[in-house]
Amino acid sequence: MQEILRTEKLKKYFGVVSAADGVDLSLERGVLTSIIGPNGAGKTTFINLLTGNILPDSGKVFFDGEEITHLPIHKRVKKGICRSFQIMNIFPKLSVYENLQIPIFSLFNRSLSFFNPLSRHVDVNERVEKLLREIGLFDKKDVLSGTLSHGDQRLLEIALAIAPEPKLLFLDEPTAGMNPVERVKVLENVRRLSKEKQSTFVIVEHDMDIVFSLSDRIVVLHRGQVLADGPPDQIKQNDDVRKVYLGEEVLWEKI
Amino acid sequence: MKPRTIFLIALLLFLLFLPILGGKYILYMVIHILILSVFALGFNLLLGYTGLLSFGQAGFFAVGAYASAKILLVIPSLLIGTLVGTLAGGISALILGYLCIRHTRIYFSMLTLSFGMMVYSLAWKWREVTGGDDGLVGIPRAPLEIPGIFSINMNPMENYYYFVLVVSIVAIFLIYRIVNSPFGLTLKGIRDSENRVAFAGVSIRAYRLLSFVIAGLYAGLAGSFLPPLENTVTPPIAHWTHSAEPVMVTLLGGIHTFSGPIIGSILFYIIKDLIVRFTQYWLIVFGSIVILLVLVFRGGVVVFFSENILPRFIKK
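K.L.:
In this structure, what is going on with the overall build of chain B? I would like to understand it.
P.N.:
Looking only at helices and strands, one finds 14 helices and four strands in chain B. Expected size for 316 residues packed as a compact globule is a radius of gyration near 20 Å; at 20 Å, chain B falls within 12% of this value. Over its C-alpha atoms, taken along the principal directions, chain B stretches across nearly 50 × 45 × 45 Å. Across the 316 residues of chain B, 48% fall into the buried class. Contacts in chain B between residues far apart in sequence, at least 24 positions, make up 74% of those at least 6 positions apart.

Dropping the structure here:
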């Protein structure tokens, strides 16, 4: 297995609370990894540290063997890291089509083109349409994205994260707040895309059904530290993990 | 032909024949409307498209006006004066913008306000260069010329009107292309969700700065139209109340429409011209009218007409 991203003693404190407490982790190419943990375990912080939304107090992040610890977000994206957000982060006042045009123009290095109208860039628009078909939003391409249903907005959010064609893609609770039908739709998309695309997916999820059915590898975070790390079967048997999820017993019985 | 094309052609013809139709005063008014339109269109690239409310645009307007005035006093060439004024606006926006765009929302507005007022106090105190409260006087309306090729006398008001009209139309056309280009779309993205744009691989700061510089260039261009028209430049054009003009006309016309600032500018001068005849406290009346219009025409006059009035005449 080839390593795509590695952290070394990554630390981040919010006051006295440790959100990341010396995390050493290596992510491998092509392995669909899930990060789980109880609320406040530091999952989102960990992703924020890797994608550049916040900077660590100490420690290092390497991507493709190159240090990226202090690189600004947009440069990390150009290197091949992207993400979706837990809280909806689309362009609500733009149409679905325009939403996807923004990252694709950037992918084609044409965001600075300021004279020709959008419709002139035929190759970009073809790519946008291809992506719209893949994600199943082609019929709604002219809809103002702020008026889409919640599920469709989540799909668009994922499409926006995929659009820059990242090598490594973080999905932060891709199915948050969805009904079961929408959830299946999103998961099928994630599963298919992780196979078709040349990207490695890392998912943060609360829903254990999803985590155990989808992942090749599960990392359990607790109080900013890696509590357990391994394939789903192994995590299921892990006593420490069970303890952390104490009180969520029912959740585990289900599996 | 589309109704919009017909309307634009009619408007162009009207503006072209205006010197025959109207007197000097009308031309003087239309020049002012064009100046404010160019000024406000640049401003709206920041507000309506990038989501940044600048309260210091008069600073760049003044830099453009003073720079072009200084040039015209030395080199009597309208072309060089306008060019230098425009560039001066852009360069000062580049320097101050570098400091301003690190912040957004109210912090950005406050920073631009204070930088704008810095320009104002410079214009006021730096007597040797700006002439202090006397301003710069005796600025010639220099001929438009390229030595050896052509030279047009700008002294008749019609000629200067045509010069401002043509340059404004080019500027308006350019910014129209900008807001409808990939760059314009990316700016709209920054307005809606800057994080998502960063994750498209775009440097938000660089794009904000670029948008700020373009607004500065437009403010500088608008400013450089003024000295040859009035033959003087005085500090009040750098005052924050002048920065409020593009804010007002843009809100009046509609911030999320391209033509909003232009329509707003036209209304601004029509309303002002009507009130000034009755009272010197025209700003009070004007303010009340603007508040009323903004309340009645939600999203701006342009949006109101294109959504409520026009559809009745044009059947789809």
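Structure's up, so let's keep going.
K.L.:
Whenever I open this one, the overall build of chain A confuses me. Can you help?
P.N.:
Counting its regular elements, chain A contains 10 helices and 10 strands. The C-alpha radius of gyration computed for chain A amounts to 19 Å, which stays within 12% of the reference 18 Å derived for 255 residues, consistent with globular compactness. For the C-alpha atoms alone, the extent of chain A along its principal axes is close to 60 × 40 × 35 Å. Going through the 255 residues of chain A one by one, you find that 40% of them count as buried. Sequence-distant contacts, at least 24 apart, represent 65% of the contacts inside chain A between residues at least 6 apart.

K.L.:
Any chance you could explain the interface of chain B and chain A here in plain terms?
P.N.:
The parts lose accessible area when they come together, and the size of an interface is often stated as this lost area. With 21 residues of chain B at the contact, the number on the chain A side is 30 residues. The set of elements that each furnish at least two residues to the side of chain B that touches chain A consists of α7 (157-179), α8 (182-192) and α9 (194-198) of chain B. No other element matches α8 of chain B, which puts seven residues into the side of chain B that touches chain A. The class makeup of the residues in the side of chain B that touches chain A is nine nonpolar, eight polar and four charged.

K.L.:
Please explain unusual backbone geometry as it appears in this structure.
P.N.:
In most cases, non-glycine residues show a negative phi, while peptide bonds are predominantly trans. Positive phi, close to 45°, is recorded for Lys-9 of chain A, a residue that is not glycine. By secondary structure assignment, the location of Lys-9 of chain A is in strand β1 (residues 3-14). Overall, the presence of 13 C-beta atoms within 10 Å leaves Lys-9 of chain A in the partly exposed class. The phi torsion at Arg-105 of chain B lies on the positive side, around 50°, for a residue other than glycine. Relative to the elements of secondary structure, Arg-105 of chain B occurs in helix α5 (residues 105-125).

K.L.:
Can you walk me through helix α3 (residues 96-107) of chain A in this structure?
P.N.:
The α-helix winds at 3.6 residues per turn, so residues separated by three or four positions along the chain end up facing the same way. Residue and element names in this part refer to chain A. With 12 residues, α3 extends 17 Å between its outermost C-alpha atoms, agreeing within 8% with the 16 Å of an ideal straight helix rising 1.5 Å per residue. Buried residues dominate α3, accounting for 10 of its 12 residues. With its phi angle positive at about 55°, Asn-109 sits one or two positions after the end of α3.

K.L.:
How should the pairing of strand β9 (residues 217-222) of chain A be read in this particular structure?
P.N.:
The two faces of a sheet get side chains in turn, since along a regular strand they alternate between them. All names here are of chain A. Counting buried positions along β9 gives five out of six residues, so the element sits mostly inside the fold. One ladder, built from five bridges, connects β9 with strand β10 (residues 225-230); its direction is antiparallel. Bridge assignment links Ile-218 to a residue of β10, and that residue is Gly-230. Taking the residues that link successive antiparallel strands as the turn, the β9-β10 hairpin has two residues, and the phi of Arg-223 there is positive, at about 50°.

K.L.:
Sorry if this is basic, but what is going on with the sheet that holds strand β8 (residues 200-204) of chain A here?
P.N.:
All names here are of chain A. Reading across from one edge, β6-β7-β8-β3-β9-β10 is the order of the six strands in this open sheet, with mixed pairing throughout. The open sheet has two free edges, formed respectively by β6 (81-84) and β10, since each of these has just one partner strand. Averaged over all pairs of adjacent strands, the angle between their axes in this sheet comes to 20°, without regard to strand direction. Looking at chain direction, β6 and strand β7 (residues 168-172) are connected through four bridges and run parallel.

K.L.:
Help me understand the pairing of β7 of chain A in this model?
P.N.:
Residue and element names in this part refer to chain A. Taken across its five residues, β7 has five buried, putting it largely inside the fold. Of the two faces of β7, the one lined by Leu-168, Phe-170 and Asp-172 and the one lined by Leu-169 and Leu-171 are each fully buried. With five bridges joining them, β7 and β8 adopt parallel strand pairing. Bridging from a neighbouring strand, Phe-170 pairs with Val-202 of β8.

K.L.:
Just to check I follow, could you spell out the nonpolar core for this structure?
P.N.:
Inside soluble globular proteins, nonpolar side chains tend to come together where they are buried. Formed by 150 residues in total, the largest nonpolar core has its most connected members in Ala-159 of chain A together with Phe-39, Ala-62 and Tyr-218 of chain B. If one sorts the elements of this core by residue count, helix α2 (residues 24-50) of chain B sits on top with 16 residues. Look past the residues within four positions of Ala-159 of chain A in its chain and what remains in contact with it is Leu-100, Leu-131, Ile-135 and Leu-137 of chain A.

K.L.:
Would you explain the packing of helix α3 (residues 57-74) of chain B against helix α11 (residues 240-253) of chain B in this entry?
P.N.:
When two helices pack together, their arrangement is given by the angle between their axes and by how far apart the axes lie. Residues and elements named next belong to chain B. At a closest axis distance of 7 Å, the pairing of α3 and α11 adopts a crossing angle of 105°. One element, α3, and the other, α11, form an angle in the roughly perpendicular class. The segment α3 lies against α11, with Gln-57, Ala-58 and Phe-61 engaging Trp-240, His-242, Ser-243 and Pro-246. For the contact of α3 with α11, the class distribution of residues is four nonpolar, three polar and no charged.

K.L.:
Is there a simple way to explain the sheet that holds strand β5 (residues 66-67) of chain A in this structure?
P.N.:
Where strands meet in a sheet, backbone hydrogen bonds hold them as pairs that are either parallel or antiparallel. All names here are of chain A. Within the open sheet, the four strands sit side by side as β2-β1-β4-β5. Their pairing is antiparallel. Every interior strand has two partners, whereas the edge strands, β2 (17-28) and β5, have only one. Across five bridges, the pairing between β1 and strand β4 (residues 58-63) is antiparallel. In the sheet register, Glu-8 faces β4, and the bridge partner there is Lys-60. Packed on one face of the sheet, helix α1 (residues 43-51) meets β1, β2 and β4 and runs near 60° to β2.

K.L.:
Is there a simple way to think about the confidence of the model for chain B in this case?
P.N.:
Parts of the model with low pLDDT should not have their predicted coordinates read in detail. Residue and element names in this part refer to chain B. Of all residues in chain B, 99% attain a pLDDT of 70 or more, and the chain-wide mean is 87. Predicted confidence in chain B is weakest over helix α14 (residues 301-313), with a mean pLDDT of 76, and strongest over helix α10 (residues 204-230), with 93. As scored by the predictor, the complex reaches a pTM of 0.88 and an ipTM of 0.85.

K.L.:
I would appreciate a short explanation of the environment of Glu-126 of chain A in the present structure.
P.N.:
Residues and elements named next belong to chain A. Structurally, Glu-126 can be placed in helix α4 (residues 122-135). C-beta crowding within 10 Å serves as the criterion here: with 11 such atoms nearby, Glu-126 is assigned to the exposed category. Expressed as a C-alpha distance, the spacing of Glu-126 and Ser-34, which sit 92 residues apart in the sequence, is 33 Å.

The rules behind these values
- Residues numbered from 1 in each chain as written.
- Chains lettered and ligands numbered in written order.
- Predicted model: local features only at pLDDT ≥ 70, side-chain atom pairs only at ≥ 80, totals over all residues.
- Helix = DSSP H or I, 4+ residues; strand = E, 2+ residues; numbered from the N terminus.
- Rg over C-alpha atoms; globule rule 2.2 N^0.38 Å.
- Buried ≥ 20, exposed ≤ 12 C-beta atoms within 10 Å, placed from the backbone.
- Contact = placed C-beta atoms within 7 Å.
- Nonpolar A, V, L, I, M, F, W, Y, C, P; charged D, E, K, R; others polar.
- Expected span 1.5 Å × (residues − 1).
- Pairing = 2+ DSSP bridges.
- Axes fitted to C-alpha atoms, helices over the stretch in contact; angles between N-to-C directions.
- Core = buried A, V, L, I, M, F, W, Y, C linked by C-beta atoms within 7 Å.
- Parallel < 35°, antiparallel > 145°, perpendicular 65-115°, else oblique.
- pLDDT = per-residue confidence, 0-100.

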